[in-house]
Each structure stands twice: as C-alpha cells, then as structure tokens.
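Listed below are the residues making up each chain.
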Amino acid sequence: MAVREPTIIKDKEQMRRWSRTVRAEGKIIGLVPTMGYLHKGHLSLINEAHKHAHLIVVSIYVNPGQFSPSEDFATYPSDFDGDIQKLMSLPFDVDVVFCPHDLYDYGTNSMLLESSNSWSDGGEETEERRGKMVSCLEDRGILHQTWVRAEKLENGLCGKSRPLFFRGVATVVAKLFNIVEPDVALFGKKDYQQWRIIRRMARDLDFAVEIIGSKIVREDDGLAMSSRNVYLSPEERKKALSINRSLSEAKSAAEKGKIICKELRSLVIEAIQESGGRVDYAEIVDQESLEAMEEIKRPAVFCVAAWFGKTRLIDNVEIDLSQG
Ligand SMILES: Nc1ncnc2c1ncn2[C@@H]1O[C@H](COP(=O)(O)OP(=O)(O)OP(=O)(O)O)[C@@H](O)[C@H]1O
Ligand SMILES: CC(C)(CO)[C@@H](O)C(=O)[O-]
Ligand code: BAL
C-alpha cells in the first residue's frame with residue numbers, strides 16, 4: 001500500500017513550479033496522462049512509470065478538445081475519490097494528481113462552458129456552421145487556436161470516424177508536457193494509433209520526453225480494459241469478447257502462414273458481425289507508419305474498432321512473424 005496520499009494540484013502554474021523544484025533536486029519525473037475513472041490498465045502504466053522515474057504525476061483531465069459534440073464528453077464516467085483509492089492501493093506512492101479544472105482559454109466566453117452547443121462569437125447558429133467540423137471545445141467558445149497534428153498518422157483507423165480526435169489528443173498532450181515537464185511519459189498500446197502519434201509528435205517537435213508504450217491489460221475473459229466498458233450491458237459485454245477472440249485467431253492463423261490481409265480481415269469482420277457488433281474498421285497496418293498492407297511481411301498491428309450497442313470499443317494485436 002502507498003504511504004502518502006498524492007498531492008492534488010489543480011493549477012497549472014503550481015504544477016509547473018512543483019516540477020521545476022523537484023527537477024532542480026535531480027529527480028526524474030514520470031507522467032501518466034489519463035481521463036480518470038481508473039482501472040487496472042491505468043495502474044499498469046503507473047507501475048511502468050515507477051520503473052523509470054523517481055516521482056510520478058498522474059493527470060486526470062477529460063479533454064473537450066478531443067471529443068466531437070456528438071460524442072460522450074458530458075457523460076464520460078468519473079469517480080475522483082475512487083481513483084484516489086486505487087492510487088493508494090499501489091505498492092508505492094503516486095506523488096501528484098494533476099486535475100486542472102480547465103486547460104483552455106475561454107476568454108470572456110467562460111459562461112458558455114456551462115451550456116453546450118453554443119457558438120463563441122454570438123453569431124447565428126446556421127446549418128452551414130453546424131455542419132463544420134468542431135470539437136466540444138470550439139462548440140463551447142474558446143480563444144484557443146493553435147493545434148498539433150500528425151498529418152499522416154492521424155488520417156486512418158480511428159482518425160476516419162473521429163476526424164478531430166487526434167488533433168485534440170496531440171494538442172492536450174503537448175500542453176501537459178509543457179506544464180508538467182516530465183522526463184518520461186507512459187501511454188497504453190490499447191490506443192495504438194494515439195501512442196504512435198504521441199511518439200511522432202515528441203520526435204518531430206523535440207520534446208525532451210521519452211515516450212513509452214505499455215502492453216494492453218485485459219479482463220480475465222480477454223476484453224481489453226477500458227473506462228467505456230462500463231457503458232456495456234452484460235449481453236453486449238459478452239458479445240464484445242468476439243473482438244479479442246477473433247484477433248487472437250487471426251494472429252494464430254498468420255503465425256501458421258496465412259498472411260493475406262484480406263483473408264485475415266474477413267475472419268475478424270465476420271466474427272464480430274456474427275456476434276452482433278458493428279465494425280467501424282478492421283485494418284492490418286505497419287506498426288510504425290500505420291499504413292495498410294496486403295500481406296504480413298513486416299511487423300504489423302491488426303487494429304479494430306467496433307460498436308456494441310451505443311459503445312464504441314477499440315482493440316488490437318501486434319503480429320511480428322520475425323519473432324518466431
Ligand atoms: N487496457 C489497457 N491497457 C493498457 N493501457 C490502457 C488500457 N486502457 C487504457 N489505457 C491507457 O490509459 C491511458 C489513459 O486512457 P483513458 O483514460 O482514455 O482510458 P481508457 O480506458 O482508454 O478510456 P476510454 O474507454 O475512454 O478509451 C491511455 O494511454 C490509454 O491507452
Ligand atoms: C492521452 C489522453 C489522456 C489525452 O487526453 C487521452 O486521449 C487518453 O486518456 O487516452
Ligand atoms: N482512450 C482515448 C480517449 C478516447 O477514446 O476518447
């Protein structure tokens with residue numbers, strides 16, 4: 001069990017002061033960015049951070065910049081007290097929980113924060129403006145106008161159905177890096193594309209942060225842990241097992257020599273559809289570039305997103321046939 005409760009920091013200046021003070025003492029800082037409602041997947045990232053850093057910061061922030069107005073920003077699950085209890089159950093101390101009220105500049109439009117679906121400039125809400133792609137952030141009226149984009153990596157997979165998602169993720173992670181100034185940051189490979197984009201961003205923009213990807217943590221029955229699993233009915237949850245099951249079958253088939261991606265994709269798509277899921281995508285892509293491939297001849301990752309009822313789940317499996 002942890003000995004000390006984490007210090008809760010809500011203010012970004014205070015967060016930066018804390019980091020700079022401990023850095024001056026020679027401490028290595030590890031950051032684990034999250035949106036809260038912690039589960040064992042998050043705790044595994046924190047465990048990993050503990051191996052690489054002297055001090056650990058866990059951020060909890062549901063970022064309006066990465067949700068579209070039709071997504072679940074307003075209802076995203078949260079349980080702050082439960083999260084702190086889970087952190088206290090770790091065999092070491094988490095030093096800081098950084099949970100800013102907001103990370104964006106709403107200027108004089110702060111009132112709009114309270115009501116969604118409002119435009120920032122008081123202009124008329126026309127169909128044309130509604131049709132424009134906006135995140136919850138723009139929908140609520142902000143002064144923010146600088147975005148980080150990984151122009152190629154963000155296009156496929158989740159980027160197709162969530163066109164502004166990775167812009168929001170990369171930007172908020174860049175902000176967190178600038179505020180917390182960590183030496184190392186941990187991301188889960190469950191969100192494979194996100195992890196690759198953050199790595200690329202850190203490299204392209206010279207962030208002095210080592211980005212570590214951590215393996216997917218699963219429930220005993222194989223379902224990838226995810227905060228959104230809480231939305232699933234017991235029946236949908238059972239059906240959702242088809243994702244991991246079919247991905248594992250596809251990996252075994254590839255290891256036995258079935259390397260044509262079209263065939264492997266059909267196997268997974270059919271299994272998910274038969275179980276009652278709706279496939280958003282099932283793609284086999286290069287692990288680095290995330291470009292689709294026709295045959296598995298280099299390290300690949302098979303990524304899936306599928307809907308079960310109103311819940312969209314993602315999962316993936318790495319397939320590297322050179323690993324014997
Ligand atoms: N099962 C998991 N195994 C490993 N890492 C995970 C797992 N689930 C989430 N993470 C990682 O935890 C970090 C914070 O993720 P987040 O707070 O969005 O949780 P989540 O469970 O992925 O939520 P959501 O259901 O909204 O996708 C991310 O780096 C994410 O990849
Ligand atoms: C990385 C992240 C914390 C940025 O908001 C979020 O996308 C998540 O929880 O995976
Ligand atoms: N786990 C990444 C955050 C999201 O899917 O909204």
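The structure contained in this document is the topic of the report that follows.

How each quantity is defined
- Residues numbered from 1 in each chain as written.
- Chains lettered and ligands numbered in written order.
- Predicted model: local features only at pLDDT ≥ 70, side-chain atom pairs only at ≥ 80, totals over all residues.
- Heavy atoms only, no water.
- Helix = DSSP H or I, 4+ residues; strand = E, 2+ residues; numbered from the N terminus.
- Buried < 20%, exposed > 50% of the residue type's maximum accessible area, 1.4 Å probe, protein only.
- Contact = heavy atoms within 4.5 Å.
- Areas by Shrake-Rupley, 256 points an atom, 1.4 Å probe, with all protein chains shown as cover.
- Near = heavy atom within 4 Å.
- Polar contact = N/O pair within 3.5 Å; in protein donor to acceptor, adjacent residues only side chain to side chain.
- Nonpolar A, V, L, I, M, F, W, Y, C, P; charged D, E, K, R; others polar.
- Pairing = 2+ DSSP bridges.
- Lys, Arg positive; Asp, Glu negative; His and termini not counted.
- Salt bridge = Lys/Arg side-chain N within 4 Å of Asp/Glu carboxyl O.
- Expected span 1.5 Å × (residues − 1).
- Axes fitted to C-alpha atoms, helices over the stretch in contact; angles between N-to-C directions.

Helices and strands together make up the secondary structure of the protein, namely ten helices and nine strands. Oriented by its inertia axes, the alpha-carbon framework of the protein measures out at about 55 × 55 × 40 Å. Burial status across the protein gives 53% buried among its 324 residues. Counting only contacts in the protein whose residues sit at least 6 apart along the sequence, the fraction spanning at least 24 positions is 71%. In the structure as shown, the protein presents an accessible area of about 16100 Å², 48% of it carried by carbon and sulfur atoms.

All right, on to the site of ligand 3 then. Near ligand 3, the surroundings consist of Met35, Gln66, Arg162, Phe165, Asp191, Gln194 and Arg228. Measuring from an oxygen atom of ligand 3, one finds a side-chain N or O atom of arginine 162 at 3.0 Å. Aspartate 191 places a polar side-chain atom, nitrogen or oxygen, 3.0 Å from a nitrogen atom of ligand 3. Alone, ligand 3 offers 220 Å² of accessible surface; in the complex the protein occludes 85% of this. Each residue belonging to the shell around ligand 3 can be placed in one class, and the counts come to two nonpolar, two polar and three charged.

Within strand S9 (residues 311-319), eight of the nine residues are buried, leaving the element largely enclosed by the surrounding structure. As judged from the nine bridges shared by strand S8 (residues 300-308) and S9, these two strands associate in the antiparallel manner. By the bridge assignment, tryptophan 307 is partnered in S9 with arginine 312. Counting the residues that bridge the hairpin from S8 to S9 gives two residues, and of these glycine 309 lies at a positive phi of roughly 60°.

Position of aspartate 315 among the secondary structure elements: in strand S9. Within the local environment of aspartate 315, its side chain forms a polar contact with the side chain of arginine 218, the two groups lying 2.9 Å apart. Contact partners of aspartate 315, with chain neighbours within four places excluded, come to Ile216, Arg218, Ala224, Ile243, Asn244, Leu247, Phe302, Cys303 and Val304.

Within the fold, aspartate 83 resides in helix H3 (residues 80-88). An unpaired buried charge is present at aspartate 83: no salt bridge exists, and lysine 86, the closest side chain of opposite charge, is 4.9 Å distant. If we skip the residues at most four places from it in the chain, aspartate 83 touches Gly36, Tyr37, Leu38 and Ile60.

With that settled, the discussion passes to helix H9 (residues 234-255). Taking 1.5 Å of rise per residue, the 22 residues of H9 would be expected to cover 32 Å, and the 33 Å separating its terminal C-alpha atoms lies within 8% of that figure. Taken residue by residue, H9 has Ala240, Leu241, Ser242, Ile243, Asn244, Ser246, Leu247, Ala250, Ala253 and Ala254 as its buried positions. Buried positions along H9 lie against helix H10 (261-274), S8 and S9.

Turning our eyes to something else, we now look at the sheet that holds strand S3 (residues 55-60). A sheet is described by the order of its strands in space; here six strands give the open sequence S1-S4-S3-S2-S5-S6, paired in parallel fashion. Looking at which strands have only one partner, the edges of the open sheet turn out to be strand S1 (7-9) and strand S6 (210-214). Within the sheet, the average angular offset between the axes of one strand and its neighbour, ignoring direction, is 25°. With six bridges joining them, strand S2 (residues 29-34) and S3 adopt parallel strand pairing. Paired with leucine 31 across the bridge in S3 is valine 57. Contacts from helix H7 (residues 165-180) reach S2, S3, strand S4 (96-98), strand S5 (184-188) and S6 within the one sheet, and its direction differs from that of S2 by about 150°. Where helix H8 (residues 192-204) meets the sheet, its contacts fall on S5 and S6, and the angle it forms with S6 comes to roughly 165°.

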